[in-house]
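Commentary on secondary and tertiary structure
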Amino acid sequence: MSEHIVSKKMYYAIFGALMVLTAITVFAANIDLGSEKLNTIVALAIAVTKAMLVILFFMHVRYSSRLTWVVVAGGFLWLFIMVALTMSDYLSRGMLTYPR
Amino acid sequence: MAHAETLDVHDHAAAEHHATPNLAHHFDNLEQQREAGSLGMWLFLVTEIMFFGALFTGYIIYRTKFAEAFAIGSHGLNWKFGAFNTVVLIVSSLTMALAVFFAQTGVRQMQVIMLVVTMVLGLTFLGVKAVEYHEKYTHHHIPGFGFDWADDEIPRSVPQEKRAALEYNIQMFYWIYFAMTGLHALHMIIGIGGLALIAYFAHRGRYTPEYHAPVELFGLYWHFVDIVWIFLFPLLYLLGANLKM
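Residues numbered from 1 in each chain as written. Chains lettered and ligands numbered in written order. Predicted model: local features only at pLDDT ≥ 70, side-chain atom pairs only at ≥ 80, totals over all residues. Heavy atoms only, no water.

Notes on the overall build of chain B
Formally: Numbering of helices and strands starts at the N terminus; helices are DSSP runs of H or I of at least 4 residues and strands are runs of E of at least 2. Atoms counted for the radius of gyration: C-alpha only. Globule rule: 2.2 Å times residue count to the power 0.38. Pairs of residues are marked as contacts when any of their non-hydrogen atoms sit within 4.5 Å. To measure how exposed things are, a 1.4 Å probe is used in the Shrake-Rupley method; for residues, cover is taken only from the protein chains shown.
Scanning chain B from terminus to terminus reveals 7 helices and 0 strands. Counted from the first residue to the last, chain B has its helices and strands arranged as α-α-α-α-α-α-α. Over its C-alpha trace chain B gives a radius of gyration of 24 Å, far above what one expects of a compact globule, namely 18 Å for 245 residues. Counting only C-alpha atoms and orienting by the principal axes, one finds that chain B spans roughly 85 × 40 × 30 Å. Taking as baseline every contact in chain B between residues at least 6 positions apart, the subset at least 24 positions apart corresponds to 78%. Summed over its atoms, the accessible surface of chain B is roughly 11,400 Å², and 66% of this surface lies on carbon and sulfur atoms.

Side note on the interface of chain A and chain B
Stated precisely, the cut-off is as follows: Buried area adds together the accessible area that both of two parts lose upon being put together, with accessible area traced by a 1.4 Å probe. Any carboxyl oxygen of Asp or Glu within 4 Å of a side-chain nitrogen of Lys or Arg constitutes a salt bridge here. Whenever a nitrogen or oxygen atom comes within 3.5 Å of another N or O atom, the pair is scored as a polar contact, on the condition that within protein one atom can donate a hydrogen and the other can accept it, and that pairs from neighbouring residues in sequence are kept only if both atoms are in side chains. Polarity classes work like this: nonpolar for Ala, Val, Leu, Ile, Met, Phe, Trp, Tyr, Cys and Pro, charged for Asp, Glu, Lys and Arg, and polar for all others, with Gly in that last group.
Each partner contributes to the interface: chain A provides 49 residues, whereas chain B provides 51 residues. Between chain A and chain B lies a buried interface of about 4,300 Å² when both sides are counted; carbon and sulfur atoms form 76% of it. Viewed at the interface, chain B and chain A are joined by 1 salt bridge. Between A:E36 and B:R63 there is a salt bridge, and its shortest N-O distance comes to 3.5 Å. The interface formed by chain A and chain B holds 6 residue pairs in polar contact (both at pLDDT 80 or more) in total. Residue assignment for the side of chain A that touches chain B shows that the elements contributing at least two residues are helix 1 (8-30), helix 2 (36-58) and helix 3 (66-92) of chain A. By residue number, the principal contributor to the side of chain A that touches chain B is helix 3 of chain A, which donates 13 residues. The class makeup of the residues in the side of chain A that touches chain B is 31 nonpolar, 13 polar and 5 charged.

Observations regarding empty space enclosed by the protein
Definition in use: Definitions used for this entry: grid spacing 1 Å over protein atoms alone; cavity, a set of points where a 1.4 Å probe fits but cannot get out; pocket, an open set with protein on both sides within 12 Å along at least 5 of 7 lines; lining residue, one with an atom within 4 Å of a point. Grid points are joined across faces, edges and corners, and a volume is the space filled by probe spheres set on the points.
With the rule as written, the count across this model stands at 1 cavity of 30 Å³ or more. Roughly 40 Å³ of volume is contained in the largest cavity. If you trace the largest cavity, you find it lined by A:I55, A:M59, A:F76, B:W42, B:I49, B:F224 and B:I227. Grouping the amino acids of the lining of the largest cavity by side-chain chemistry returns 7 nonpolar, no polar and no charged.

Some details on the layout of surface pockets
Counted as a void, the largest pocket has a volume near 1,100 Å³. Taken together, 35 residues form the lining of the largest pocket, with A:L44, A:V48, A:L79, B:I60 and B:F231 sitting closest to its centre. Residue classes in the lining of the largest pocket are distributed as 29 nonpolar, 3 polar and 3 charged. Roughly 550 Å³ of volume is contained in the second largest pocket.

Overview of the confidence of the model for chain B
Our working rule: pLDDT is a per-residue confidence score from the predictor, ranging from 0 to 100.
Averaged over every residue, the pLDDT of chain B is 92; residues scoring 70 or more account for 92%. Across the interface, the model reports ipTM at 0.93; the global pTM reads 0.91.

Concerning the packing of helix 5 (residues 108-138) of chain B against helix 6 (residues 163-203) of chain B
Packed helix pairs are specified by the crossing angle of their axes together with the interaxial distance, meaning the distance between the axes. All names here are of chain B. Operational definition: Think of each axis as a best-fit line through the C-alpha atoms, taken over the contacting stretch in the case of a helix, with angles from 0 to 180 degrees between the N-to-C directions. To sort the angles, those under 35 degrees are grouped as roughly parallel, those over 145 as roughly antiparallel, those from 65 to 115 as roughly perpendicular, and the leftovers as oblique. By definition, any crossing whose near helix is turned counterclockwise from its far helix by less than a right angle is left-handed, and any crossing with a clockwise turn is right-handed.
The contact between helix 5 and helix 6 brings their axes to 9 Å, and the two run at 155°. Judged by the angle between their axes, helix 5 and helix 6 are roughly antiparallel. Crossing handedness for the pair helix 5 and helix 6: left-handed. Among the residues forming the contact of helix 5 with helix 6, the class breakdown is 19 nonpolar, 7 polar and 4 charged.

As for the nonpolar core
Let me state the cut-off plainly: As used in this record, nonpolar core signifies buried Ala, Val, Leu, Ile, Met, Phe, Trp, Tyr and Cys residues forming a set joined through side-chain atoms within 4.5 Å. For every residue, the accessible area (1.4 Å probe, protein chains only) is compared with the maximum for its type, and the residue is labelled buried under 20%, exposed over 50%, or partly exposed between those bounds.
One finds A:M59, B:W42 and B:Y174 to be the most contacted residues of the largest nonpolar core, which totals 94 residues. The leading source of residues in this core is helix 7 (residues 213-238) of chain B, at 18 residues. Among all residues touching A:M59, those that are not within four sequence positions of it are A:V54, B:W42, B:L45, B:L220, B:H223, B:F224 and B:I227.

Some points on helix 4 (residues 79-105) of chain B
Residue and element names in this part refer to chain B. Here is the rule: To estimate the expected span of a helix, subtract one from its residue number and multiply by 1.5 Å.
With 27 residues, helix 4 should cover 39 Å at 1.5 Å per step; its first-to-last C-alpha distance of 39 Å lies within 8% of that length. Among the 27 residues that make up helix 4, 20 are buried, leaving the element largely enclosed by the rest of the structure. Trailing helix 4 by a residue or two, G106 shows a phi angle of about 75°, which is positive.

Below is the structure:
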């Protein structure tokens with residue numbers, strides 16, 4: 001099995017998609033979608049989509065071995081664990097009430 | 001029989017070793033060598049994810065604590081600078097990907113051109129960043145060094161007694177802004193240095209369709225730095241874009 005060469009056409013298509021998503025995220029941020037939460041969710045959803053496109057195609061992970069997939073996914077899994085455990089602490093600090 | 005097959009495999013490996021000087025002696029074939037290289041680069045990038053990840057975690061903690069101050073602080077940034085730099089970085093990712101493409105297909109001149117264009121775009125990004133940092137300096141928005149937030153930069157709806165605390169918390173946004181964009185800019189500076197080296201070796205004709213691991217692996221680094229910015233742009237610049245003053 002030799003190296004997979006991603007075509008120029010594919011690179012241009014991904015580039016176009018990234019540009020369109022950037023325009024959408026700027027547009028969505030400049031209008032009030034009703035709540036700050038909704039604005040944040042839209043912004044993050046677009047950012048994650050853009051990051052996925054870059055990782056899968058520009059960084060060739062789409063065409064890489066299973067082992068590379070596992071390492072990449074593992075990296076984001078550990079990031080998720082760090083954020084989730086940290087926030088479960090910070091967000092729950094006010095929940096516990098007891099008589100003083 | 002099994003013994004004979006093992007011998008056969010070794011013969012193949014030996015044959016490929018003789019055929020190409022680009023294959024290091026501890027690898028069986030070029031495919032394995034390439035795989036090991038990209039796996040090693042990805043392991044490094046995973047440590048980078050955690051490196052920036054710690055700062056992103058800090059951002060999330062303080063943003064949940066000081067939501068209003070973060071929106072006002074973000075409003076103080078000019079999102080047009082951020083958007084321009086986002087476009088610059090995405091174009092530079094495209095030219096980097098094309099540099100890898102031309103390395104794979106063995107078009108030396110286009111490969112060098114793409115690497116140099118990527119470098120120029122990286123320098124453009126840093127130039128815009130320098131203009132932004134200077135603007136923050138003239139507005140006294142550098143945390144810790146006489147940080148001062150003008151009263152008319154806080155929405156009129158905020159009552160008088162809350163303003164002092166708010167200004168204090170806005171400074172936290174700017175600590176995080178400078179830490180994250182500063183670390184990102186450091187990665188850009190290192191990246192531009194790497195590009196200069198790789199462009200020089202590409203010009204010398206060191207990379208062939210058979211061996212171009214440095215171009216490919218450096219490309220992974222450059223795209224990673226782009227991804228960090230893809231998240232920094234909405235989180236820092238766009239957060240307060242629709243705030244009513």
